[in-house]
Amino acid sequence: MDRRSLMGAALAWPLASLPGPARAGSQVEEPLANSVRSALSAAVANSAPPKPSFDDIDQRMAYLRWLGEMSERLKRRKSEHVTRIEFLETVWYESKRAGLEPALVLGLVQVESGFRKYAISSAGARGYMQVMPFWARLIGDGDPARLFHMQTNLRFGCVILRHYLDVERGDLFLTLGRYNGSRGRPEYPNAVFANRRMWQLPGEQSGR
């Protein structure tokens, strides 16, 4: 179920408290080779709910510690416990499935939508990860309204981010710029990097 098989806090809480508008830029609709389109379509097709599995008890305990810590950090954004846990479980599942760091995805969601499920940007991007509607046509079922569904939005966002990371040969700075439609400019990647640090556990923090 990992990405390869599919396709080959306290540091700044004042910033987190600002609601602000959705900050998505305008992801550029680029021509996709048939093989790439097929791979991306396959990557978003299975909408089964997240069911994490672990090889041993230590991995499971590490996941539960992560879930508990992230739940505390997210409480001011999502006050309802069940909703908060469901969101975090899905973020963890979809980010791991795509071979991404959960903290990076949480940082991106914070910058893009402020954790608002129904956020819409001025460019028309939708939901938590501000997915542009053209992706529903390119690799989904053609219904952009489904991008407001939590798991669908996170699934699309993680798959698209992974695709851009592959296109940019692992360069996360350029990847984030491409995701936002501002490739080469520092403002958006730097904002995501700063917010990612809020969602890293002690010992995980690094530069980019």
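Cut-offs applied
- Residues numbered from 1 in each chain as written.
- Predicted model: local features only at pLDDT ≥ 70, side-chain atom pairs only at ≥ 80, totals over all residues.
- Heavy atoms only, no water.
- Helix = DSSP H or I, 4+ residues; strand = E, 2+ residues; numbered from the N terminus.
- Buried < 20%, exposed > 50% of the residue type's maximum accessible area, 1.4 Å probe, protein only.
- Areas by Shrake-Rupley, 256 points an atom, 1.4 Å probe, with all protein chains shown as cover.
- Patch = residues over 30% accessible without salt bridge, like charges linked within 9 Å, V, L, I, M, F, W, Y side chains within 5 Å.
- Salt bridge = Lys/Arg side-chain N within 4 Å of Asp/Glu carboxyl O.
- pLDDT = per-residue confidence, 0-100.
- Phe/Tyr/Trp six-rings, centres within 6.5 Å; stacked < 30°, edge-to-face > 60°.
- Lys NZ or Arg CZ within 6 Å of the ring centre and 35° of its normal.
- Axes fitted to C-alpha atoms, helices over the stretch in contact; angles between N-to-C directions.
- Left-handed = near helix turned anticlockwise from the far one by under 90°.
- Contact = heavy atoms within 4.5 Å.
- Nonpolar A, V, L, I, M, F, W, Y, C, P; charged D, E, K, R; others polar.

K.L.:
What exactly am I supposed to notice about the overall build of the protein here?
P.N.:
Assigned secondary structure in the protein consists of ten helices and zero strands. Helices and strands in the protein line up, N terminus first, as α-α-α-α-α-α-α-α-α-α. Counting over 208 residues, the protein shows a buried share of 48%. Working note: accessible area of the protein is about 10,000 Å², and carbon and sulfur atoms make up 53% of it.

K.L.:
In this structure, what is going on with a nonpolar patch on the surface? I would like to understand it.
P.N.:
On the surface, a nonpolar cluster with roughly 260 Å² of combined accessible area is contributed by Ile-57, Met-61 and Leu-64. Considering the arrangement of structural elements, one finds Ile-57 in helix 4 (residues 57–74). A relative accessible area of 54% places Ile-57 in the exposed class.

K.L.:
I'm lost on the confidence of the model for the protein in this one. Help?
P.N.:
Predicted coordinates in areas of low pLDDT are best not read in detail. Put simply, the protein has an average pLDDT of 85, and 84% of its residues get 70 or more. Per-element averaging of pLDDT across the protein places helix 2 (residues 13–16) at the bottom with 33 and helix 6 (residues 102–113) at the top with 97.

K.L.:
What should I look at first to understand the packing of aromatic side chains in this one?
P.N.:
For any pair of aromatic rings, the description rests on two quantities: the centre-to-centre distance and the angle between the ring planes. Evaluation of the coordinates by the stated rule reveals eleven aromatic pairs. Between Phe-54 and Tyr-63 the ring centres are 5.3 Å apart and the planes differ by 40°, which places this aromatic pair in the tilted class. Judged by relative accessible area, Phe-54 falls into the partly exposed class, the value being 22%. Here the aromatic cluster, defined as three or more aromatic residues joined through ring pairs, consists of Phe-54, Tyr-63, Trp-66 and Trp-92. Over the ring of Phe-87 we find Lys-78, and its NZ or CZ is 5.2 Å from the ring centre.

K.L.:
Just checking my understanding: could you explain the packing of helix 6 against helix 9 (residues 172–180) for this structure?
P.N.:
Packed helices, taken two at a time, are described by the angle between their axes plus the distance between the axes. Orientation of helix 6 relative to helix 9, taken along the N-to-C sense of each, is 35°, at an axis distance of 13 Å. For the pair helix 6 and helix 9, the sense of crossing is right-handed. The segment helix 6 lies against helix 9, with Leu-104, Leu-108 and Glu-112 engaging Leu-172, Leu-176, Tyr-179 and Asn-180. When grouped by side-chain class, the residues that make up the contact of helix 6 with helix 9 number five nonpolar, one polar and one charged.

K.L.:
Teacher, can you tell me more about the pattern of salt bridges here?
P.N.:
Side chains that carry opposite charge are capable of pairing whenever their charged atoms lie near each other. In the structure shown here, the tally under the stated rule is nine salt bridges. The closest approach of N and O atoms between Arg-146 and Asp-141, which form a salt bridge, is 3.4 Å. Classification of Arg-146 by relative accessible area gives partly exposed; the value is 33%. Two residues, Asp-166 and Arg-162, come together in a salt bridge whose shortest N-O distance is 3.2 Å. Linking Asp-166 with Arg-162, this pair stays in helix 8 (residues 150–167), spanning four residues, or about one helical turn. With a relative accessible area of 33%, Asp-166 lands in the partly exposed category.

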